[in-house]
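In case you want the letters, here they are:
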Amino acid sequence: MKQHREGREAVPAVAQTQFQHVAVGDTQVDLRTYDDAGTPERPDAGSEVVLVHGIGASERYFGRLIRELVHTSTVHTLELPGFGSAPKPARQLQMQDFGRIAVRALESAGIQGAQWVGHSMGCQVVVEMALAAPGAVSSVVLLAPTINNAERSAPLQALRLLQDSLGEPAAVNAMLVRDYLRAGPRWYLSTLPAMIRHPIEERIRDVQAPVLLVRGGRDPVVRADWVTRLAAARPGAQTVELPGQPHVMMYTRPVETAAVLRSAVPAR
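Residues numbered from 1 in each chain as written. Predicted model: local features only at pLDDT ≥ 70, side-chain atom pairs only at ≥ 80, totals over all residues. Heavy atoms only, no water.

## Some remarks on the overall build of the protein
Step number 1: If you tally the helices and strands in the protein, you get 10 helices and nine strands.
Step number 2: Here the protein holds 268 residues, and 57% of them are scored as buried.
Step number 3: In the protein, the proportion of contacts linking residues at least 24 apart, taken out of those at least 6 apart, comes to 76%.
Step number 4: Total accessible area computed for the protein in this model is approximately 10800 Å², and 54% of it derives from carbon and sulfur atoms. (Helix = DSSP H or I, 4+ residues; strand = E, 2+ residues; numbered from the N terminus. Buried < 20%, exposed > 50% of the residue type's maximum accessible area, 1.4 Å probe, protein only. Contact = heavy atoms within 4.5 Å. Areas by Shrake-Rupley, 256 points an atom, 1.4 Å probe, with all protein chains shown as cover.)

As structure tokens, this is what we get:
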């Protein structure tokens, strides 16, 4: 496991950043840690959050959310194999593979008891992480969880993403296009069927940690009826909607999203 410090424009200058290349078998996960432990508002220096990105994306679109979370938590971001700065593996990975690899990367870094937060496909990965290591997670937050089981097709998902892009800030669209190009069409398109096939509505049933589902009120990818069905599949799951927000709500409403994440931390 190699470590070095890396500056990232997506996070505040006051944050301490640690960057680790974590080898997991024949794959690699890139792990970054942001910690502003000197902030007076931090009530608990032990609070930790892990952020997992969606398909084609990187940690960069979490930047505004990280700015908010570092006031109260140590924040870790994972870049999954083939995405962001993590190299592409020699084999195709399923959602269960991504989940197991992510868990092993966190174990290697000594990160346990954190809140795990996924966005879009990252929600599917986080669910698999929670199933692989139920004792290592304090709570699970799924931001814009995919895939809607009533729209499980690549053409329809492409249409939904196009619809969503019309409601996203230009900065988000530009960031995601750069990340998609970095991942490359071959890896993106080979991962897409695994994401579409993954039955999160079945897998979420056995997640033991507290679960919170969050959607933006104007998200065409993650419709309200789908979140209702997903919550029903996991008794006790809570739901929150951020009114008027698109798919990447943690960029458009970072303060509110951070508050939602803090509300999902179990009382000690």
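## Some details on the pattern of salt bridges
Step number 1: A complete count under the given rule lists 12 salt bridges for this structure.
Step number 2: Put simply, Asp-26 and Arg-91 hold a salt bridge, and the shortest N to O gap is 3.2 Å. Of the two residues, Asp-26 is situated in the loop between strand S2 (16-24) and strand S3 (27-35) and Arg-91 in the loop between strand S5 (74-79) and helix H2 (95-108); the sequence distance between them amounts to 65 residues.
Step number 3: Under the relative-accessibility criterion, Asp-26 is labelled partly exposed at 48%.
Step number 4: Notably, a salt bridge pairs Arg-160 with Glu-151, separated by 2.7 Å at the nearest N-O pair.
Step number 5: Residue classification places Glu-151 among the buried positions, given a relative accessible area of 8%.
Step number 6: Overlapping salt bridges, with partners in common, bring together Arg-32, Glu-59 and Glu-79 in one network. (Salt bridge = Lys/Arg side-chain N within 4 Å of Asp/Glu carboxyl O.)

## Thoughts on H2
Step number 1: With 14 residues, H2 ought to run about 20 Å at 1.5 Å a step, and its terminal C-alpha atoms sit 20 Å apart, in line with that.
Step number 2: Of the residues making up H2, those classed as buried are Met-95, Asp-97, Phe-98, Gly-99, Ile-101, Ala-102, Val-103, Ala-105 and Leu-106.
Step number 3: Positive phi shows up at Gly-110, right after H2, with a value of about 75°. (Expected span 1.5 Å × (residues − 1).)

## With respect to the environment of Met-249
Step number 1: Secondary-structure assignment places Met-249 in helix H9 (residues 249-252).
Step number 2: Of the residues examined, Met-249 reaches a relative accessible area of 0% and is grouped as buried.
Step number 3: Residues Met-249 and Gly-217, 32 residues apart in the sequence, show an inter-C-alpha distance of 9.3 Å.
Step number 4: What Met-249 contacts, discounting residues up to four positions off in sequence, is Leu-143, Ala-144, Val-214, Arg-215, Gly-216, Leu-242, Pro-254 and Thr-257.

## Side note on the confidence of the model for the protein
Step number 1: Here the protein shows a mean pLDDT of 91. Residues at 70 or above account for 89%.
Step number 2: Across residues 1-9, confidence stays below pLDDT 50; counting only partners more than four residues off in sequence or on other chains, it has 27 contacts. (pLDDT = per-residue confidence, 0-100.)

## Considerations on the nonpolar core
Step number 1: If you look at the biggest cluster of nonpolar residues, it comprises 84 residues, and the most contacted ones within it are Leu-51, Leu-78, Trp-116, Met-129, Val-140, Leu-142 and Ile-204.
Step number 2: If we skip the residues at most four places from it in the chain, Met-129 touches Val-52, Leu-78, Gly-99, Ala-102, Val-103, Leu-106 and Trp-116. (Core = buried A, V, L, I, M, F, W, Y, C linked by side-chain atoms within 4.5 Å.)

## Some details on the packing of H2 against helix H3 (residues 121-132)
Pairs of packed helices are described in terms of their axes, by the angle between the two and the distance that separates them.
Step number 1: Taken N-terminus to C-terminus, the directions of H2 and H3 make an angle of 65°; their axes are 8 Å apart at the nearest point. Between H2 and H3 lies a crossing whose hand is right-handed. Between H2 and H3, the residues in contact are Met-95, Gln-96, Phe-98, Gly-99, Arg-100, Ala-102, Val-103 and Leu-106 and Met-121, Gln-124, Val-125, Glu-128, Met-129 and Ala-132, respectively.
Step number 2: Here the residues of the contact of H2 with H3 sort into nine nonpolar, three polar and two charged. (Axes fitted to C-alpha atoms, helices over the stretch in contact; angles between N-to-C directions. Left-handed = near helix turned anticlockwise from the far one by under 90°. Nonpolar A, V, L, I, M, F, W, Y, C, P; charged D, E, K, R; others polar.)

## Points about unusual backbone geometry
Step number 1: With an omega of 0°, the peptide bond running from Thr-146 to Ile-147 counts as cis.
Step number 2: Tracing the backbone shows Ile-147 in the loop between strand S7 (137-143) and helix H4 (154-165).
Step number 3: Non-glycine residue Ser-120 carries a positive phi angle of around 55°.
Step number 4: Looking at the secondary structure, you find Ser-120 in the loop between strand S6 (114-119) and H3.
Step number 5: Phi at Ala-144 takes a positive value of approximately 55°, unusual for a residue other than glycine.
Step number 6: If you trace the backbone, Ala-144 turns up in the loop between S7 and H4.

## Describing the environment of Leu-192
Step number 1: Relative to the helices and strands, Leu-192 is located in helix H6 (residues 185-197).
Step number 2: A residue is classified by how much of its surface remains accessible, and Leu-192, at 12% relative accessible area, is buried.
Step number 3: Taking C-alpha positions, Leu-192 is 9.4 Å from Gly-56, a pair spaced 136 residues apart along the chain.
Step number 4: Setting aside residues no more than four positions away along its own chain, Leu-192 makes contact with Ile-55 and Ala-154.

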